[in-house]
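# Residue-level structural notes
For reference, the chains in residue letters:
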Amino acid sequence: MSSTCSVVIVGGGIGGVSTAAALRNRGFLGDLTIVDAGELPYDRPPLSKDYLAGRKSLDDIALQSPDWYDDQSITLRNNTTVAALRADSGTVELTTGEQLRADRVVLATGGQAVRPRLPGAGIDALHVLRSAEDADNLRKVLLPGARILVVGAGLIGAEVASTALHLGADVTLVDPLAEPLSAAIGRDAAEWLHSVHAANGITTITAGIDGFEKTTDGIRTYLRGEPHHFDAVVLGVGMTPNTQLAEWAGLAVDRGIIVSAGQLTSNPAVLAVGDPTRRTVDGAVRKRAEHWEAAQHDGARAAATILGLSLPAETAPWFWTDRHGLHVEAVGQMSAATTAVTRGAIGEPPFAVFGIRHGNVVSAAAVNDSNAVRAARRLIDRAIAVDCRQLGDPGVDLRKLLRA
Ligand SMILES: Cc1cc2nc3c(=O)[nH]c(=O)nc-3n(C[C@H](O)[C@H](O)[C@H](O)COP(=O)(O)OP(=O)(O)OC[C@H]3O[C@@H](n4cnc5c(N)ncnc54)[C@H](O)[C@@H]3O)c2cc1C
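Please read these numbers as outputs of a predicted model, since none were measured by experiment. (Residues numbered from 1 in each chain as written. Predicted model: local features only at pLDDT ≥ 70, side-chain atom pairs only at ≥ 80, totals over all residues. Heavy atoms only, no water.)

### Re the pairing of strand β22 (residues 318-323)
Judged from the 6 bridges that link them, β22 and strand β23 (residues 326-332) form a sheet pairing that is antiparallel. Directly across from Phe319, in β23, lies its bridge partner Ala330. The loop that links β22 with its antiparallel partner β23 comprises 2 residues; one of these, His324, has a positive phi angle of about 45 degrees. (Pairing = 2+ DSSP bridges. Helix = DSSP H or I, 4+ residues; strand = E, 2+ residues; numbered from the N terminus.)

Right under this line is the structure:
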């Protein structure tokens with residue numbers, strides 16, 4: 001067991017709250033504090049889905065109830081911002097000047113939505129989506145008939161476009177790629193998934209954007225050389241990790257806070273989890289994961305490291321996204337596949353596409369078929385060789401392949 005008596009977690013997103021929960025679940029009895037700049041910590045995935053659509057409230061999407069923090073003896077310092085970290089002494093300094101000292105500090109600071117440096121990028125009617133406040137502001141303009149441009153058809157952009165359409169807005173979705181998400185789910189599935197926007201009534205345009213101009217009644221931008229007019233624009237073009245505290249504290253940062261397999265930063269008194277991190281596994285620094293489950297798993301690993309316990313087993317990375325009533329999941333690494341097996345027919349959900357390498361499943365993407373992805377994850381994690389004919393046969397129960 002470790003000698004850690006106190007932990008301060010900076011950030012109350014899924015990464016920070018999961019770290020705290022895992023510490024308590026695994027027997028940590030010391031002082032535990034979460035400092036978060038916002039109100040009661042909430043979950044972000046619903047911000048582009050049920051929360052934006054008005055089907056869920058902020059209370060509904062709270063990560064934990066207010067009582068949970070008391071029950072777990074966790075001090076929640078919400079509406080409180082950390083201004084600086086002194087890694088060697090384990091001290092975090094709040095914007096109020098107050099200092100909190102702990103044996104271990106966990107940075108769980110998430111990130112911010114990217115606002116590209118384009119002409120007009122500061123116009124009021126340009127929205128981004130990272131926080132509940134962003135979603136509240138955006139919802140006010142997603143009115144029936146409102147002309148909405150969504151820039152970026154990846155995960156968040158596609159979800160916002162879908163929600164805006166179903167709220168009655170007149171939606172245009174622009175992306176420089178003809179098959180957004182193809183790196184994550186494969187080209188054919190991505191092509192079909194993108195076509196679903198148009199099939200539902202969204203105008204999709206494959207183009208880049210050079211900038212925006214404010215007009216008397218909204219925003220003008222040029223798409224493929226043609227002027228287009230909108231009441232509001234939503235930018236869904238990526239995330240910038242919040243690495244400033246780590247940088248100022250002298251920790252190793254390279255487009256993300258560099259952490260070990262157990263979430264330790266370059267200073268062993270400080271760990272980091274979630275969206276701002278890049279894990280080093282088997283000597284290779286991975287890309288930032290930027291998915292909900294990855295942040296949750298980081299929290300479990302950080303807790304194990306702090307407690308001196310063995311790390312949870314590695315599992316293939318997974319994410320989900322929802323649009324137009326379709327539930328999409330992907331697991332593993334599509335780029336590692338040399339061939340693909342389709343189960344069902346692309347475009348006729350439920351279907352799944354498995355990425356194969358040397359007779360093993362290395363990835364899977366599915367629409368309305370969570371079972372296929374769950375099975376694929378086990379096949380990947382256990383490195384079970386598969387019979388591709390059986391894998392592609394919807395009549396074969398995938399659990400049978402797991403017993404192979
Ligand atoms: C709109 C939206 C939809 C998404 N949908 C999906 C999805 O469908 N599937 C999926 O897998 N992933 C999805 N994600 C991604 C997922 O939500 C993130 O990967 C996850 O929230 C990362 O958690 P985190 O704890 O690292 O960071 P965050 O959730 O960003 O939390 C960081 C917290 O740190 C706080 N903080 C930052 N700096 C300070 C400071 N100096 N002092 C105090 N507090 C600070 C912030 O206020 C914030 O509360 C979505 C993300 C968004 C924004």
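### Here's the deal with helix α9 (residues 370-381)
Here α9 contains 12 residues, and its C-alpha end-to-end distance of 16 Å stays within 8% of the 16 Å for a straight helix at 1.5 Å per residue. Looking one or two residues past α9, Ala383 carries a phi angle of roughly 50 degrees, positive in sign. (Expected span 1.5 Å × (residues − 1).)

### Focus: the pairing of strand β11 (residues 170-175)
The element β11 is largely enclosed, with a buried count of 5 among its 6 residues. One ladder, built from 5 bridges, connects strand β10 (residues 147-151) with β11; its direction is parallel. Bridge pairing in β11 links Ile148 to Val171. Note: β11 against strand β12 (residues 203-206), 4 bridges, orientation parallel. If you follow Val174 over to β12, its bridge partner there is Ile205. (Buried < 20%, exposed > 50% of the residue type's maximum accessible area, 1.4 Å probe, protein only.)

### Considering helix α4 (residues 155-166)
With 12 residues, α4 should cover 16 Å at 1.5 Å per step; its first-to-last C-alpha distance of 17 Å lies within 8% of that length. For α4, the tally of buried residues reaches 9 of 12 residues, placing the bulk of the element in the interior. Among the residues making up α4, those that are buried are Gly157, Ala158, Glu159, Val160, Ala161, Ser162, Thr163, Ala164 and Leu165. The inward-facing, buried residues of α4 contact α3 (132-139), β10, β11, α6 (187-199), β16 (232-235) and β22. Gly168 lies just past α4 and shows a positive phi near 100 degrees. (Contact = heavy atoms within 4.5 Å.)

### Overview of the environment of Val114
Mapping Val114 onto the fold places it in the loop between β8 (111-113) and β9 (126-127). On the basis of relative accessibility, which here comes to 22%, the residue Val114 falls in the partly exposed class. Considering only alpha carbons, one finds Val114 and Gly236, 122 residues apart in sequence, at a separation of 7.8 Å. What Val114 contacts, discounting residues up to four positions off in sequence, is Val128, Val237, Gly238, Met239 and Thr240.

### With respect to unusual backbone geometry
Backbone geometry follows two general trends: most residues other than glycine have a negative phi, and most peptide bonds adopt the trans configuration. For the bond from Pro349 to Pro350, the omega torsion is 5 degrees, close enough to zero to count as cis. Topologically, Pro350 is positioned in strand β25 (residues 348-357). Look at Glu290: it is not a glycine, yet its phi comes out positive at around 60 degrees. With respect to the helices and strands, Glu290 occurs in the loop between β21 (284-285) and α8 (292-307). On the basis of relative accessibility, which here comes to 33%, the residue Glu290 falls in the partly exposed class.

### A few points about the site of the ligand
Near the ligand you find 35 residues, and of these Asp36, Arg44, Lys49, Arg130 and Asp275 are the closest. Contact distances for the ligand include 3.3 Å between an oxygen atom and a backbone N or O atom of Ile14. Between the ligand and Asp36, the relevant distance is 2.7 Å, taken from an oxygen atom to a side-chain nitrogen or oxygen of the residue. Taking 1,000 Å² as the accessible area of the ligand by itself, protein coverage stands at 92%. Only α1 (14-25), α4, α8 and β22 provide two or more residues apiece to the shell around the ligand. A per-class count over the shell around the ligand returns 15 nonpolar, 13 polar and 7 charged. (Near = heavy atom within 4 Å. Polar contact = N/O pair within 3.5 Å; in protein donor to acceptor, adjacent residues only side chain to side chain. Areas by Shrake-Rupley, 256 points an atom, 1.4 Å probe, with all protein chains shown as cover. Nonpolar A, V, L, I, M, F, W, Y, C, P; charged D, E, K, R; others polar.)

### Section: the sheet that holds strand β15 (residues 226-230)
In space, the 3 strands of this open sheet follow the order β13-β14-β15, with antiparallel pairing throughout. This sheet does not close on itself; its edge strands, each paired only once, are β13 (213-215) and β15. The average undirected angle you get between the axes of adjacent strands in this sheet is 35 degrees. Two elements, β13 and strand β14 (residues 218-223), share 3 bridges in a ladder whose sense is antiparallel. Note on β14: the bridge partner recorded for Glu213 is Arg220. (Axes fitted to C-alpha atoms, helices over the stretch in contact; angles between N-to-C directions.)

### Things to note about the UniProt feature "domain: FAD/NAD(P)-binding" (unreviewed entry) in the protein chain
UniProt feature "domain: FAD/NAD(P)-binding" (unreviewed entry): in the numbering of this structure it lies at residues 6-299. Note that residues 6-299 is 23% helix and 29% strand, and that its end C-alpha atoms are spaced 16 Å apart. (UniProt positions renumbered as here; feature names shortened; annotations may be inferred.)

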